[in-house]
Structure formats: structure tokens, C-alpha cells
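Report on the structure
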Amino acid sequence: MEIILAISKIGIYAIFGITILGAIFAVTLRNIFHAALGLVLALLGVAAVYFSMEAEFLGAIQILLYVGGIMTLIIFVVMLTSRIGDRTVPTSNHQRYPALVGILFLIAFLIRLVRETPWQLKAELSTIDAITIGKEFMGAYVLPFEITSLVLVVALIGAIVIARSDLKK
Amino acid sequence: MIPLTHILIFTSILFSIGLYGALSRRHVVGILIAVELMLNAANINLVVFSRYTNTNPATGQIFAVIIIVLAAIAAAVGLAIVLSIYRNQKTIYSDEIDILKW
Amino acid sequence: MEIVDQIFVIAKAGIVNWAEALFPDWTVVLISILIPIVAFTIFGPVTMMYLTWLERKLLGRIQNRYGPNRVGKFGLLQPIADGIKMFTKEDIVPEGADKIAHLLAPLLIVVPALLIFAVLPFGRNMIAIDLNIGLLFFLALSSTTTVFIFTAAWGSRNKFSLLGGMRSVAQMVSYEIPFVLSVVPVLLMVGSFSTVQIVEAQQNYHWFLFTPWGVVGFLIFFLCGVAEVNRTPFDLPEAESEIVAGFHTEYSGMKFALFYMAEFMNTFTISALVATVYLGGWQGPGFLPSWGWFLIKTYALIIVMMWFRGTFPRLRVDQLMGFAWKFLLPLSLLNIVIASLWYYLAAPMNYVLGTILLLMGIFLLYGINRPEIPKKRKYRYAYAD
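Residues numbered from 1 in each chain as written. Chains lettered and ligands numbered in written order. Predicted model: local features only at pLDDT ≥ 70, side-chain atom pairs only at ≥ 80, totals over all residues.

Within chain B one finds 3 helices and 0 strands. Burial status across chain B gives 51% buried among its 102 residues. Sequence separation of 24 or more characterises 43% of the internal contacts of chain B that already satisfy a separation of 6 or more. (Helix = DSSP H or I, 4+ residues; strand = E, 2+ residues; numbered from the N terminus. Buried ≥ 20, exposed ≤ 12 C-beta atoms within 10 Å, placed from the backbone. Contact = placed C-beta atoms within 7 Å.)

A word on the interface of chain B and chain A. Listed per partner, the contact involves 60 residues of chain B and 69 residues of chain A. At the level of secondary structure, the elements contributing two or more residues to the side of chain B that touches chain A comprise α1 (4-24), α2 (28-52) and α3 (57-89) of chain B. Take the side of chain B that touches chain A: its biggest share by element is 23 residues, from α3(B). Looking at the side of chain B that touches chain A residue by residue, the classes come out as 41 nonpolar, 13 polar and 6 charged. (Nonpolar A, V, L, I, M, F, W, Y, C, P; charged D, E, K, R; others polar.)

What follows is about helix α15 (residues 347-369) of chain C. The end-to-end C-alpha distance of α15(C) is 33 Å, a good match for the 33 Å that 23 residues give at a rise of 1.5 Å each. Of all 23 residues that make up α15(C), 1 are buried, and the element is exposed over most of its length. (Expected span 1.5 Å × (residues − 1).)

Residue and element names in this part refer to chain C. For the pair helix α2 (residues 7-22) and helix α3 (residues 25-62), the least separation of the axes is 9 Å and the interaxial angle reads 155 degrees. Our classification of the angle between α2 and α3 gives roughly antiparallel. The element α2 and its partner α3 pack so that their crossing is right-handed. Note on element contacts: α3 touches α2 through T27, V28, I31, S32 and I35, opposite K12, I15, V16, A19 and E20. (Axes fitted to C-alpha atoms, helices over the stretch in contact; angles between N-to-C directions. Parallel < 35°, antiparallel > 145°, perpendicular 65-115°, else oblique. Left-handed = near helix turned anticlockwise from the far one by under 90°.)

Before going further, it helps to examine the arrangement of the chains. A comparison of contact numbers over the 2 pairs of chains in contact places chains A and B at the top. When C-alpha atoms are compared, chain B and chain C, though not in contact, are closest at a spacing of 13 Å.

What follows deals with the interface of chain A and chain C. Between chain A and chain C, the contact holds 23 residues from the first and 27 residues from the second. Broken down by element, the residue count for the side of chain A that touches chain C peaks at 12 residues, all from helix α3 (residues 56-81) of chain A. In the side of chain A that touches chain C, the residues fall into 17 nonpolar, 4 polar and 2 charged.

Moving on: unusual backbone geometry. All names here are of chain A. Positioned with a positive phi, E54 is a non-glycine residue whose angle comes to about 60 degrees. The residue E54 is located in the loop between α2 (32-52) and α3 in this model. Judged by the 17 C-beta atoms lying within 10 Å of it, E54 falls in the partly exposed class.

Take the packing of α1(B) against α2(B) next. All names here are of chain B. The interhelical angle for the contact between α1 and α2, taken along N-to-C directions, is 165 degrees, at an axis separation of 7 Å. Between α1 and α2, the angle is such that the two are roughly antiparallel. Handedness of the α1/α2 crossing: left-handed.

Moving on, we come to helix α6 (residues 134-155) of chain C. Here α6(C) spans 33 Å end to end across 22 residues, near enough to the 32 Å set by a 1.5 Å rise per residue. α6(C) sits mainly inside the fold: 22 of its 22 residues count as buried.

What follows concerns the nonpolar core. Counting residues in hydrophobic clusters, the biggest one holds 165 residues, and the most contacted among them are A36(A), M71(A) and I74(A). With 16 residues, the top contributor of residues to this core is α3(A). The two domains that each donate at least three residues to this core are domain 1 (1-86) and domain 2 (128-169) of chain A. Ignoring any residue separated from it by four or fewer positions in sequence, one finds I74(A) in contact with A36(A), V29(B), L32(B), I33(B), A75(B) and L79(B). (Core = buried A, V, L, I, M, F, W, Y, C linked by C-beta atoms within 7 Å. Domains from an automatic or database assignment.)

Attention shifts here to the environment of I15(A). Residues and elements named next belong to chain A. Inspection of the secondary structure puts I15 in helix α1 (residues 2-28). Linking I15 and A47, residues 32 residues apart in sequence, is a C-alpha distance of 9.8 Å. Once residues lying within four places of it in the same chain are set aside, the contact partners of I15 are G45, A48, V49 and S52.

In this section: the confidence of the model for chain C. With 99% of its residues at a pLDDT of 70 or more, chain C shows a mean pLDDT of 83. For this predicted complex, the interface confidence score (ipTM) comes to 0.86, while the overall pTM stands at 0.85. (pLDDT = per-residue confidence, 0-100.)

As C-alpha cells, then:
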């Protein structure tokens, strides 16, 4: 049985690696469409991380909203605003190398912070199912829920008004 | 299972990659992609904290769901703005959109 | 009967027992994981092959011809001959295509189609993994298909492909919303996403189809399912008479076969899900095994889809979008309200009230959306005077 546990641990680290690989693709590739595909890889990796943490509901929501919704939007806009094979234009600005150095310092700082903080861990890992999340949404967290839905409606109308083409008529 | 610190190191690397993308991209959609990466890293952190530390276990996931919804909103409005800019300015590179600059 | 009903479960247990005697215990776990995976990777493509045969036979009958009847008895070996043809065809990649996207799209589109099989309850105790978010898992995975179709359309660098991809994204995003909303009443009644529990809640012929909200929910769910898998009358993304073949215009050989395979496997899984959610899944009279009932219901729905293809003309783009946003979406919202009313009212009252309210809603929506039919033209002939 220990071998199974070891295999699943290796699997989780592999998911971490794939997610980071997808993220690197998403921020460095010159072709923006390939970058969007890299983001798809990273988002699926994050969903797999949720599944590995027994947050299945969140994993499914991640795939449904991010991959099914947001990615479709992003790819649609990429298609509407660029031509196939736009590779000659530089896609990164001149802040690239300073940003890289700063980011490396940030990673080092964050890793040190994470390692030196005395975390107060639970004795047992907690898991919750979709029903508990639903009840909490309708109970203690009803206000954030309602505000989110209000913001959603406002954003929906706003997006339609902004993107409408016959504004001047 | 996996120690808490390893997951946190993973999410901080993910967040930093996103931040690098947001700082270095010219393409507006590229910046949006990088922002989505940062939001995802923060989301994993929320879930991990509520799973490993002494908090209400539902809180992390509930706020993660709210963040996903807000990310969807940001993407919808942001991409509507990108479309509108492209239609009027014929460019989607953030340093060429400078009509407010003198 | 009990043995026939559980034959696959017993077979799996037999293999696992046999493995336990021979191998160390950690491989037994791996073997018990591998058995359903191997079963589905065989079952999925075989189902797809014989669905193409069934479709060609049925369409042939509808169009007053025989369909395939040369290769084997009743043309039963035709799918295998087609498979050999697909394997040996030349694989053409267009000049200037986005090579990576062109290659990845057909490979990736099969993955969600196969993964979806994991949450379908094929019979009593016959499910690969009983996820407690089974239904949501299904909806989430089937929504990823859009991205891969779009990758294919973009990667081909062809105007017809791109038009097909745009149509497909617009259609699938629109139909996703009523598709998800139409299962909400069922989730309200059952109180769980698990497909096993949804089937168990419909015991003793309390199928959700036999309630007023169930009929409407079933129709919305089935129609949106047909639209999700891009079949006639909603097959605008690959409308042959308008845009050649839509997103798979530039695909040939095995890559084209993979698209075809994903489409037919999705047809099967969508029909299976409709049967699970509204038609009682594997429940049925005891003279057939549970998986027999499941397959009968699924194939009945698939045959209805093929019948659609043989009879209905294709919708126009504006009719398609109008139907999703102006008719199905408000109706599915109304359906949720009526389902909750139905739940709280007493027995005869809720059926009557639910039916009346739903009929009123449907007629109201029909009245609002009624297309303007031009008045009959009066023809005057030159020689009339």
C-alpha cells in the first residue's frame, strides 16, 4: 500500500510541474493563441490540484467556468483581434528583464516566508462536500453570494453596452 | 499527504509567473491571461489554508467560488473593452493605446 | 437473473481475486483501477463504429434505400472496412497551418469524451467511479469540447473552418446555459449530484419524466443535448451545404476519424445521461438485466436523434440563437420555480397546477417569439384580365 501512496504523491508533484509548465507557456510564448492553450493546460492542472485536495466541487466549477467559459471568451477575442501567424511583432515590452529579476527575488522571498512561518496545522485534514458548500452559501455567506450575483448582473449589462457595435446610431 | 509548505511554494511560483506575465506582456489579452494565473494561485492558497489550518473548512472553498465568478466577470468586461478598443484604435498592444497621454 | 444482472461486476471481482492470488497487493489496486479504463477504451470506439452503421442503415431506410449492405451480413463489417480506409489514408496538413494546434485538437477532443464514461451508471453497481459531483463532472467536461473545436478551426487556417468554429462557439456557449439549468429541478428533488443517487431516487417507476416539470425539463435537456453534440437540426458548425464541413474541413485520415469518434461518443453519453436523469436510468421491469434497460433507453434516444436527422431541415443561425435565448432559457427558469412549487404542494393539486402553469408559460413564450409570417401573396397573372 505504501507504493500506491508514493505513486499518488509523485502524481501530485507531476501535476504541480505540469501546471507550472503551462503557466510558463502562457506568459512567454510569442503566439498569443499558443499562450492561451498554455493557460488551458495550467487551468486544467489547477483543477487537478483541487481534485487531489478532495475539493471536487471546486475542481468541476474550475473546469466549467474557466475552461468552458473564460477560455472560450479569451480565444474568441484572440481570433477577432489578430491574424493567424502574427509572429513578427514583439509581444513583450522593455520591462522584461527587470521584471524577471524582480520576480526571482519575489520567489526567493516568498519561499523563505513560507518556510519560516510557524503554521498551526490541524490534526486531521478536513473535507467538505458540495451540499455543505451550498448550505453555507445560503446561510452564513448569503451576503457575499447576493453581492456577487448583483455584480454579475451589472457586469453582464456593462459588457453588452461596451462591446455593442452600433453605439453611434 | 503533501506538506503544506510544498503546496505554498508551488502557488507562490505560479503567482510570480503570473506577475511576470502581467508586467512583461504588450498584448492586452496576454496581460489578462497572466492575471487569471495570479487569481488561480490565490485560489489554491485559500483552499489549502482552509484544509490544513484551524479555520472553518467551508470558508476557503466558498471564497474560491466567489473569486472564480469574479474572474469570469473581469474576463467578460475586460474582453468587451479590448474589442471596443480594437474597433476604434486598431491596436491591442498596451503601449500603443495612448489617446489619454499627451 | 441475479447473475446476468451482475455479470460484469462478478467478472471484475473474479479478475481482481485472481490477481490477488498471483501479484503483490499494490498491483491489485492498480489492476482494479485499470479494468474500467480498459473496458471504456474498448467500449467507446466499438460503440462509435456501430453507431455509424446504425445511422447509415436508419437514414437509408428513411430515404428509401438500403444503406450499407455489401461488407458482411447486413453490412455489419462496414465500420471495420471504414476504419481500415481511415488508417491508410494520407494525412494532409495544410500549408501555413498552425501545426501544433492542428495536431493537438483531434487528440484532445477524444479525452473528455472518454472521461465522461466514468460517471455513467450502466447498471446496478456498474459505475466506474461514483463521484459525489457526478452530474457536474459531466457538464464540466462536455463544456471543454468547445475549446478543442475552436483550436481545430483556428489551426487549419481556412476560412470555412474558422466560420464553423465561430458558429460552434456561439452555439455551444448559448445552449450550455439552458442545458445546465434544465437539470436543476432534478438536483432540487434528489439533493445530490451523484448519478447513482439520481437513479435511486426514481425507484418504483417514479421517473422524473412522469411529472409536469419533468416533461419540460426532459425536452429542454434533450434538445440542448442534441445542440451540444452538433447534430441535425442544430448542425450549423458543420453544415455541409453552407461551409463545406465546418471546423473539420482540413482534416483527413485518422485525425478526421478522431473527430468523428468524439462526436459519436458524445452522442452516446448525452443520450445515456438523459436516460439516467429523466428516464430512470437502469430501472425497469425485472425480466431484463439492469444494464439491458439502460442500453435500451439510451439507444431509443439515439434513434430519435437519427430520426431528427432524417426528417428536420437545418435551422438558420438567428433562429438557432433566438430559440436558445428567448425560448429555452426563460422556460428552464420557469421550470425551476414550478418544480419547487410542485415539491411543496399536495399530490393531485401539484400535478394540475404545474401542468396549467407550464402550459401558460409555453403559450406565452410562443406568443412573444412568434415569427412574423408574411401575408400570402396574391398572384395576378397577366392573362387574368
